[in-house]
Amino acid sequence: QVQLVESGGGLVQPGGSLRLSCAASGNIFTIYAMGWYRQAPGNQRELVATITGDGSTNYAESVKGRFTISRDNAKNTVYLQMTSLKPEDTAVYYCNADITYNHRITTRRGDFWGQGTQVTVSS
């Protein structure tokens, strides 16, 4: 199957920066898109940013100009560079990938999620 492994979360002061990483591994055939979502206490999970195979990106209005999503196709890895962080950015951040993967003698397409990494912005 497929696994997504995240890293880079932690505690940072307002105005600071963090870079999240998410590496996909397993019997991958094609990764169509990867993205980041977040969920704060009392809120629903929301889209932060996505990136497709051709490099097209999409951002939530609340993070435009502050966050940058990028991708290393050779490493099956997606990054989220976060700058000018605010307390309201505090949330659990989840990596997501739309993947076609090998299963026995055929292939399947599925939506995979990472385990989540905590980002806390506080003084």
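Since the structure is predicted, the reported quantities are computational estimates derived from the model, not experimental observations.

Enquirer: Please clarify how the nonpolar core should be interpreted in this entry.
Expert: Across soluble globular proteins, nonpolar side chains have a tendency to be buried as a group. Ranked by size, the top nonpolar core spans 31 residues in total, and within it Trp36, Leu80, Met82 and Tyr93 carry the most contacts. Only strand S1 (2-7), strand S3 (18-26), strand S4 (28-39), strand S5 (46-52), strand S7 (67-72), strand S8 (77-82), strand S9 (91-103) and strand S11 (117-121) provide two or more residues apiece to this core. Of the residues forming this core, the biggest block, six residues, is contributed by S9. The contacts of methionine 82, once residues within four sequence positions are left out, are Gly16, Ser17, Leu18, Leu20, Arg66, Phe67, Tyr93 and Val119.

Enquirer: Looking at this structure, I do not really get the environment of arginine 66. What am I missing?
Expert: Residue placement: arginine 66 occurs in the loop between strand S6 (57-59) and S7. Assessed through its relative accessible area of 11%, arginine 66 is described here as buried. In the structure, arginine 66 is positioned 15 residues away from glutamine 81 in sequence and 8.4 Å away in space, judged by C-alpha atoms. Leave out the neighbours within four places in its chain, and arginine 66 touches Gln81, Met82, Thr83, Ser84, Leu85, Lys86 and Asp89. One polar contact links arginine 66 to aspartate 89, side chain to side chain, over a distance of 2.8 Å.

Enquirer: Sorry, what's going on with unusual backbone geometry here?
Expert: You will see that serine 84, though not glycine, has its phi angle at about 50°, which is positive. Among the structural elements, serine 84 can be located in the loop between S8 and S9. Under the relative-accessibility criterion, serine 84 is labelled partly exposed at 41%. A positive phi is found at arginine 104, a non-glycine position, where the angle reads about 55°. Mapped onto the secondary structure, arginine 104 falls in the loop between S9 and strand S10 (106-113). With a relative accessible area of 78%, arginine 104 lands in the exposed category.

Enquirer: I keep staring at the pattern of salt bridges and nothing clicks. Help me out?
Expert: Two side chains carrying opposite charge are able to pair once their charged atoms lie near each other. Using the criterion set out here, one finds five salt bridges in the structure. The salt bridge involving aspartate 89 is made with arginine 38; its shortest N-O contact spans 3.0 Å. Separated by 51 residues along the polypeptide, aspartate 89 in the loop between S8 and S9 and arginine 38 in strand S4 bring together distant segments of the chain. With relative accessibility at 6%, the residue arginine 38 sits in the buried group. The shortest N-O distance in the salt bridge between arginine 109 and aspartate 98 comes to 2.6 Å. You can see arginine 109 sitting in strand S10 and its partner aspartate 98 sitting in strand S9, a full 11 residues away along the chain. Judged by relative accessible area, arginine 109 falls into the exposed class, the value being 54%. Members of the salt-bridge network, linked through shared partners, are Arg38, Glu46, Arg66 and Asp89.

Rules behind the numbers
Within every chain, residues take consecutive numbers counted from 1 along the sequence as written. Whole-chain, interface and lining totals are the exception, using all residues; otherwise, since this is a predicted model, local features are given only for residues with pLDDT of at least 70 and side-chain atom pairs are given and counted only at 80 or more. The side-chain figures draw on all heavy atoms in the structure; neither hydrogens nor water molecules are used. We define the nonpolar core as a collection of buried residues of types Ala, Val, Leu, Ile, Met, Phe, Trp, Tyr and Cys that are connected through side-chain atoms lying within 4.5 Å of one another. Only protein chains enter the accessibility calculation, which uses a 1.4 Å probe. A residue is then buried if its area is under 20% of the maximum for its type, exposed if over 50%, and partly exposed in between. Helix and strand assignments follow DSSP, with helices taken as H or I runs no shorter than four residues and strands as E runs no shorter than two, numbered in order from the N terminus. Contacts: residue pairs with any heavy atoms within 4.5 Å of one another. Here a polar contact is taken to be a pair of N or O atoms separated by no more than 3.5 Å, where protein atoms must pair a possible hydrogen donor with a possible acceptor and residues adjacent in sequence count only if both atoms sit in side chains. The working definition used for a salt bridge is a side-chain nitrogen of Lys or Arg within 4 Å of a carboxyl oxygen of Asp or Glu.

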